[in-house]
Amino acid sequence: MTADERESPASERELATTSWSWGGLGPVGGFVLTLAGIGLLLWGFLGRTGSGPSLMYQAAKVVAVGLVITGTTLAARRRD
């Protein structure tokens, strides 16, 4: 353990290792999440279920997470 690790609070160290567990999916996983969210959006938009607005809201969140994962992993790879 280095001096920097001893001085930083444990919560920061744990957060650095456990945050964005979705990030391990990589750009392919992010792309799959985005496609799944778009599919759910279309399903809700076409009115295939009775819970249209709530389904579309959840699908929009899945699309957003997928786009963030794809963008951050591609940006990190480009930076290296």
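Residues numbered from 1 in each chain as written. Predicted model: local features only at pLDDT ≥ 70, side-chain atom pairs only at ≥ 80, totals over all residues. Heavy atoms only, no water.

Draft legend 1. Seen up close, a nonpolar patch on the surface. A surface patch of nonpolar side chains, amounting to about 640 Å² of accessible area, comprises Phe 31, Leu 35, Ile 38, Leu 42, Phe 45 and Leu 46. In this fold, Leu 46 is placed in the loop between helix H3 (26–45) and helix H4 (52–79). (Patch = residues over 30% accessible without salt bridge, like charges linked within 9 Å, V, L, I, M, F, W, Y side chains within 5 Å. Areas by Shrake-Rupley, 256 points an atom, 1.4 Å probe, with all protein chains shown as cover. Salt bridge = Lys/Arg side-chain N within 4 Å of Asp/Glu carboxyl O. Helix = DSSP H or I, 4+ residues; strand = E, 2+ residues; numbered from the N terminus.)

Draft legend 2. Spatial organisation of the side chain of Thr 73. If you trace the backbone, Thr 73 turns up in helix H4. A polar contact is formed between the side chain of Thr 73 and the backbone oxygen of Thr 70, at a distance of 3.1 Å. (Polar contact = N/O pair within 3.5 Å; in protein donor to acceptor, adjacent residues only side chain to side chain.)

Draft legend 3. Up close: H3. Given a rise of 1.5 Å per residue, 20 residues ought to cover 28 Å, and the 29 Å separating the end C-alpha atoms of H3 matches this to within 8%. When we look at burial in H3, the residues that qualify are Gly 26, Pro 27, Gly 29, Gly 30, Leu 33, Thr 34, Gly 37 and Gly 44. In a view along the axis of H3, the buried residues occupy a sector of 160 degrees, so they form one face of it. More than 90 degrees from the buried face of H3, the exposed residues found are Val 28 and Val 32. Downstream of H3 by a residue or two, Gly 47 has a phi angle that is positive, lying close to 75 degrees. (Expected span 1.5 Å × (residues − 1). Buried < 20%, exposed > 50% of the residue type's maximum accessible area, 1.4 Å probe, protein only. Arc of directions from axis to C-beta.)

Draft legend 4. Region of interest: the side chain of Thr 34. For Thr 34, the position within the fold is in helix H3. Residue Thr 34 is classed as buried on the basis of its relative accessible area of 9%. Within the local environment of Thr 34, its side chain forms a polar contact with the backbone nitrogen of Leu 67, the two atoms lying 3.4 Å apart.

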